[in-house]
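# Summary of the model geometry
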Amino acid sequence: MITNGCYPIVGGNNKKNFVTQKDIYNQYKNLVYNLALQYCQNRQDAEEIAQDVFIKVFDKWQTFRKDADLKTWIYRITINQSLDFLKHKQRKKRSLIISLFSVDSSIEENLLPDFDHPGTLMEQDESLKILMQKIYRLPENQKTVIILLKIEDLPQREVAEIMKLTEGAIESLFQRAKASLKKIL
Amino acid sequence: MELDNLDILKNIKHVEVPEALYHSIESRLEANRKNIIPLYKVGIAASLVLGLMLSQVYFLGLLSKINQSNNEIELVEVNNNSLYYE
């Protein structure tokens, strides 16, 4: 971990510059917090994920390849952190439900998140909530591709780079995600 | 619901990040830093352990030398059959 608060970064002219912790935070806070919010769908969890992401970013700064794109790297950390957080939370909820009721029925319904997404408008709230809950139940890769393409509105090329897949694979993953959503609905 | 129209998701607005978030991150980083033991302290502890081990080896060597000389005294052969002060 860097303790003096200055993080080396390679600028556009290939010169080594230094940025502070606060600079990095200010530049990427919206990206990290909002992306976490799309995964966990409530403010409290999004804050927790965002904290974990920035701590990881500052902690692993020295392992970041300076020729790689910082934004892509931060996207990946946020996605992985969000998915880990959801897995951990679901595991905890599942074991609690099983220990309370000793039955597996209605577990899927109870595993859905407490929807508290501040980014949804009031009139669309209910339909968005239903759609978001269906997205929440998709497999990890399919969920990620829908969030990045449709909510974050990123171009397919950038999504492919973030997910380390080809553009063709992203397209077919998106089609599969749509088919899965149809089945859930 | 019109499933093909996933464009409804584009209506989700990006929200402002809570002010307190950076302070929470800073305090967690500070707590992590406190848990890290500085390298010079690790060095002092390691050299103390090494010193203890070396002194133990030295004193054990010294002790075994004394034991050896004691054993040599015990093994002095007696060549006559005379009893004490005969």
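Model, not experiment: these values are computed from the prediction.

## Thoughts on the overall build of chain A
- In terms of helices and strands, chain A carries 8 helices and 2 strands.
- The linear arrangement of helices and strands in chain A, starting from the amino end, is β-β-α-α-α-α-α-α-α-α.
- Counting every position in chain A, which comprises 185 residues, the buried fraction comes to 27%.
- Restricting to contacts in chain A with at least 6 residues of sequence separation, those with at least 24 account for 54%.

## Some remarks on the overall build of chain B
- Along chain B, the regular secondary structure elements total 2 helices and 0 strands.
- Taken across its 86 residues, chain B has 5% of its residues classed as buried.

## Digging into the environment of A:Lys178
All names here are of chain A.
- Take Lys178: it is sitting in helix 8 (residues 167-184).
- With 15 C-beta atoms counted inside 10 Å, the residue Lys178 sits in the partly exposed group.
- Expressed as a C-alpha distance, the spacing of Lys178 and Glu152, which sit 26 residues apart in the sequence, is 17 Å.

## Considerations on the nonpolar core
All names here are of chain A.
- Counting 37 residues, the largest nonpolar core has Val32, Ala36, Ala50 and Val145 as its most contacted members.
- With 8 residues, the top contributor of residues to this core is helix 1 (residues 21-40).
- Every residue in contact with Val32, bar those within four places of it in the chain, is listed here: Ala50, Val53, Phe54, Ile74 and Thr78.

## Some words on the domain arrangement of chain A
Residue and element names in this part refer to chain A.
- For chain A, the assigned domains are domain 1 (6-119) and domain 2 (138-185).
- For the side of domain 1 that touches domain 2, the secondary-structure elements that each account for two or more residues are helix 1 and helix 3 (70-101).
- Sorting elements by how many residues they give to the side of domain 1 that touches domain 2 places helix 3 first, with 5 residues.
- Split into classes, the residues belonging to the side of domain 1 that touches domain 2 amount to 5 nonpolar, 2 polar and 1 charged.

## Here's the deal with the environment of B:Ile25
- Turning to its location among the elements, B:Ile25 is positioned in helix 1 (residues 21-35).
- According to the C-beta neighbour criterion, B:Ile25 is buried, with 22 such atoms within 10 Å.

## Observations concerning the interface of chain A and chain B
- On the chain B side, the residues contacting the 28 residues of chain A number 20 residues.
- At the level of secondary structure, the elements contributing two or more residues to the side of chain A that touches chain B comprise helix 1, helix 2 (43-59), helix 5 (125-136), helix 6 (140-151) and helix 8 of chain A.

## What about helix 7 (residues 156-163) of chain A?
Residue and element names in this part refer to chain A.
- All of the buried residues in helix 7 are Val159, Ala160 and Ile162. On an axial view of helix 7, the arc spanned by its buried residues comes to 165 degrees, and they lie on one face.
- In the stretch just after helix 7, Lys164 is the one whose phi turns positive, near 55 degrees.

## Some remarks on unusual backbone geometry
All names here are of chain A.
- In this structure, Asp153 takes a positive phi of about 60 degrees despite not being glycine.
- Using a count of 11 C-beta atoms within 10 Å as the deciding quantity, one classes Asp153 as exposed.
- One non-glycine residue, Lys164, adopts positive backbone phi at about 55 degrees.
- With respect to the helices, strands and loops of the structure, Lys164 is situated in the loop between helix 7 and helix 8.

## Here's the deal with helix 6 of chain A
Residues and elements named next belong to chain A.
- Between its first and last C-alpha, helix 6 extends 15 Å over 12 residues, near the 16 Å set by a 1.5 Å rise per residue.
- Among the 12 residues that make up helix 6, 10 are buried, leaving the element largely enclosed by the rest of the structure.
- Every buried residue of helix 6 is accounted for by Gln142, Lys143, Thr144, Val145, Ile146, Ile147, Leu148, Leu149, Lys150 and Ile151.
- Just downstream of helix 6 lies Asp153, where phi reads positive at about 60 degrees.

Procedures and definitions
- Residues numbered from 1 in each chain as written.
- Chains lettered and ligands numbered in written order.
- Predicted model: local features only at pLDDT ≥ 70, side-chain atom pairs only at ≥ 80, totals over all residues.
- Helix = DSSP H or I, 4+ residues; strand = E, 2+ residues; numbered from the N terminus.
- Buried ≥ 20, exposed ≤ 12 C-beta atoms within 10 Å, placed from the backbone.
- Contact = placed C-beta atoms within 7 Å.
- Core = buried A, V, L, I, M, F, W, Y, C linked by C-beta atoms within 7 Å.
- Domains from an automatic or database assignment.
- Nonpolar A, V, L, I, M, F, W, Y, C, P; charged D, E, K, R; others polar.
- Arc of directions from axis to C-beta.
- Expected span 1.5 Å × (residues − 1).

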